[in-house]
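Below, each chain spelled out in residue letters.
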Amino acid sequence: MNKKADIVIIGGGISGAAIAYNLALKGMKNIIVVEKRFIASGATGACGAGIRQQWGTEMNCKISKMSCDFFETANETLAYDGDIEFKQGGYLLLATTEKEKAQFERNIKLQNSLGIESRALTLEEAKEIVPMLNTEGYVGAAYHAKDGHLNPFHTTLAFAKAAEKLGVEFMKYTTVTDIVVENGEIACVVTDKGLIETNQVVNAAGGDSQHIAKMVGLDLPVYSERHQILVTEPVDPILSTMVMSFTGNFYCQQVPHGGFVMGRGDAGEPRDGNINSGWHFLDEMAKTITKLLPPLKKAMVIRQWAGLYNITPDRQPILGPVDDVKGFYLAVGFSGHGFMFGPATGILMSEIIMGEATSIDISALNLNRFEKGELVFEPSVV
Amino acid sequence: MEDKTIVCRCSDITIEEIRQAIDDGYTTFDELKRVLRTGMGPCQGRTCMPIILRELSIMTGVPIEELTPGRNRPPVNAVSLGAIAEQEEDHE
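Residues numbered from 1 in each chain as written. Chains lettered and ligands numbered in written order. Predicted model: local features only at pLDDT ≥ 70, side-chain atom pairs only at ≥ 80, totals over all residues.

### Details of the sheet that holds strand β2 (residues 7-10) of chain A
All names here are of chain A. Pairing in this open sheet of six strands is mixed, and the strands run β9-β3-β2-β13-β20-β19 from one edge to the other. Of all strands in the sheet, those bounded by a partner on one side alone are β9 (169-171) and β19 (318-321). Looking at each pair of strands side by side, their axes are set apart by 20 degrees on average, direction ignored. As paired strands, β19 and strand β20 (residues 328-332) are joined by four bridges and run antiparallel to one another. Paired with Gly320 across the two strands is Leu330, which belongs to β20. (Pairing = 2+ DSSP bridges. Helix = DSSP H or I, 4+ residues; strand = E, 2+ residues; numbered from the N terminus. Axes fitted to C-alpha atoms, helices over the stretch in contact; angles between N-to-C directions.)

### Digging into the interface of chain B and chain A
Tallying the contact residues gives 18 residues for chain B and 23 residues for chain A. When residues of the side of chain B that touches chain A are traced back to their parent elements, those giving at least two are α2 (29-36), β3 (79-80) and α4 (81-86) of chain B. In terms of residue count, the dominant contributor to the side of chain B that touches chain A is α4 of chain B (four residues). Looking at the side of chain B that touches chain A residue by residue, the classes come out as nine nonpolar, five polar and four charged. (Contact = placed C-beta atoms within 7 Å. Nonpolar A, V, L, I, M, F, W, Y, C, P; charged D, E, K, R; others polar.)

### Quick look at the sheet that holds strand β18 (residues 300-311) of chain A
Spatially, nine strands are ordered β6(A)-β7(A)-β5(A)-β15(A)-β16(A)-β17(A)-β14(A)-β18(A)-β3(B) in an open sheet, and the strand pairing comes out mixed. In this open sheet, the two strands that pair with only one neighbour each are β6 (119-121) of chain A together with β3 of chain B. Contacts between helix α9 (residues 279-292) of chain A and the sheet are confined to β14 (223-232), β15 (242-245), β16 (250-254), β17 (260-264) and β18 of chain A, with β17 of chain A contributing the most and set at about 115 degrees to the helix.

### Examining helix α1 (residues 14-25) of chain A
All names here are of chain A. If you check α1, its first and last C-alpha atoms are 16 Å apart, about what twelve residues at 1.5 Å a residue would give, namely 16 Å. Among the twelve residues in α1, eleven count as buried, and that is most of the element. For α1, every residue scored as buried is listed here: Ile14, Ser15, Gly16, Ala17, Ala18, Ile19, Ala20, Tyr21, Asn22, Leu23 and Ala24. (Expected span 1.5 Å × (residues − 1). Buried ≥ 20, exposed ≤ 12 C-beta atoms within 10 Å, placed from the backbone.)

### Points about the packing of helix α3 (residues 58-72) of chain A against helix α10 (residues 338-353) of chain A
The description of two packed helices rests on the angle between their axes and on the distance between the axes. All names here are of chain A. α10 packs onto α3 with a crossing angle of 85 degrees between their chain directions and a minimal axis gap of 7 Å. Put simply, α3 runs roughly perpendicular to α10. For the pair formed by α3 and α10, the contact residues are Ile63, Ser64, Met66, Ser67, Phe70 and Phe71 on the first element and Met340, Phe341, Gly342, Pro343 and Ala344 on the second. Grouping the amino acids of the contact of α3 with α10 by side-chain chemistry returns eight nonpolar, three polar and no charged. (Parallel < 35°, antiparallel > 145°, perpendicular 65-115°, else oblique.)

### Concerning the confidence of the model for chain B
Residues of chain B with pLDDT of at least 70 account for 93%, and the chain-wide mean is 92. Per the prediction output, this complex has pTM 0.97; the corresponding ipTM is 0.92. (pLDDT = per-residue confidence, 0-100.)

### Side note on the domain arrangement of chain A
All names here are of chain A. Along its sequence, chain A is organised into domain 1 (3-48 + 153-222 + 314-372) and domain 2 (87-146 + 226-309). Measuring from the centre of the C-alpha atoms in domain 1 to the corresponding centre in domain 2 gives 30 Å. Class assignment for the residues of the side of domain 1 that touches domain 2 results in three nonpolar, five polar and no charged. (Domains from an automatic or database assignment.)

### Topic: the pairing of strand β10 (residues 176-182) of chain A
All names here are of chain A. With six bridges connecting them, β10 and strand β11 (residues 185-191) associate as antiparallel partners. Across the sheet, residue Val176 finds its bridge partner in β11, namely Thr191. Linkage of β10 to β11, two consecutive antiparallel strands, is achieved through a turn of two residues, within which Asn183 is found at a positive phi near 50 degrees.

### Quick notes on the environment of Thr5 of chain B
Residue and element names in this part refer to chain B. Within the secondary structure layout, Thr5 lies in the segment before β1 (6-8). Along the sequence, Thr5 and Pro42 sit 37 residues apart, while their C-alpha atoms lie 19 Å from each other. When near neighbours in sequence (up to four residues on either side) are disregarded, Thr5 contacts Thr14 and Ile15.

Written as structure tokens, this is what we have:
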């Protein structure tokens with residue numbers, strides 16, 4: 001027998017879990033989340049799990065602040081029986097050029113105007129926060145004390161378990177194979193475990209979002225690019241802060257468990273869904289980080305992995321309904337920061353789906369911005 | 001096996017905690033790894049994986065040869081960042 005749902009959410013990462021939770025909280029019934037593998041098995045579980053509010057666009061600042069405020073009390077709000085391991089050790093951003101330093105100053109002005117208490121630091125002040133820092137090659141810094149890190153698996157599970165308690169059904173190890181559209185409206189979702197009759201679908205499929213959109217005849221202006229990470233053996237806490245540089249192309253922080261998690265991007269990374277690990281990344285990462293934080297020469301690398309950034313032309317997510325297909329919603333294209341935006345994605349998407357006024361005006365993040373040519377480019381990404 | 005027996009020596013996880021997590025519905029090695037950190041430490045699962053797979057097989061009734069042992073990732077053994085940074089690039 002076919003299943004029936006008021007809404008089907010495709011993707012059991014942070015976005016899908018948070019949307020499901022918020023919809024259930026608002027009283028929606030018959031919510032099904034379809035996940036190809038298990039909760040947080042895709043980009044969410046592979047991410048660096050840092051969270052920051054130091055962005056260069058108003059949208060990204062507002063969404064990240066809303067999310068950070070949620071994280072601060074998430075264990076209690078979601079009544080989680082585990083711990084999301086939230087640590088606010090701050091983010092130290094390093095500029096390699098005067099141009100980037102000026103960009104930081106513009107960003108800080110914007111951030112401050114939105115209630116984010118970031119500030120510019122001299123390199124000497126940066127060294128007070130991170131004494132082991134080798135500032136050679138850098139010209140300035142920015143810092144925000146309330147940025148931090150949390151455990152991506154437990155955070156997503158906290159949302160998923162809270163959603164389950166409210167009646168949401170999670171279909172794990174289930175692959176969506178097609179979405180049927182009739183007269184411009186969603187009719188049903190076809191999976192390898194059977195049909196689900198529904199008039200509403202949320203595409204929260206992360207690295208697979210463009211393939212899901214294709215099923216309703218929609219070409220998304222996104223691509224999925226591999227980004228690699230490594231982690232070292234845990235050691236005693238010696239670095240409380242995330243150290244990151246956009247032009248320097250790296251991020252590195254010691255997570256609460258003790259390991260150092262670090263990553264970088266590469267223009268040559270594959271865009272075909274490949275998430276294997278490569279030597280080139282390991283080489284470049286080791287060279288960059290041992291120069292910047294020399295004591296890390298002794299840190300033992302125990303594992304590399306990789307995940308997919310679902311990247312939009314302006315590095316801001318696509319959130320909201322779709323003009324051409326009634327009942328089809330997008331929460332995609334997070335461009336490498338979907339995890340840290342998760343709580344806001346859940347709140348805002350549930351407001352849109354329920355037909356409520358949104359807490360933040362996110363009409364500028366609708367898919368139609370690409371057609372209109374109304375892009376605001378996010379300058380601050382690794 | 002005693003309930004308090006440590007199965008994962010990297011993260012001090014006992015057989016009791018593993019059985020509890022399997023009971024909670026985490027029925028693959030990959031899921032247990034994300035919830036408990038088993039297989040995330042310096043041994044990368046060499047110690048705990050066979051024991052966990054056996055426990056999964058007993059509790060779920062799935063034959064051990066049908067269970068997925070999780071994905072292996074480099075490096076094979078722990079290597080210092082310094083050693084990687086200073087090596088000659090002769091692996092092209």
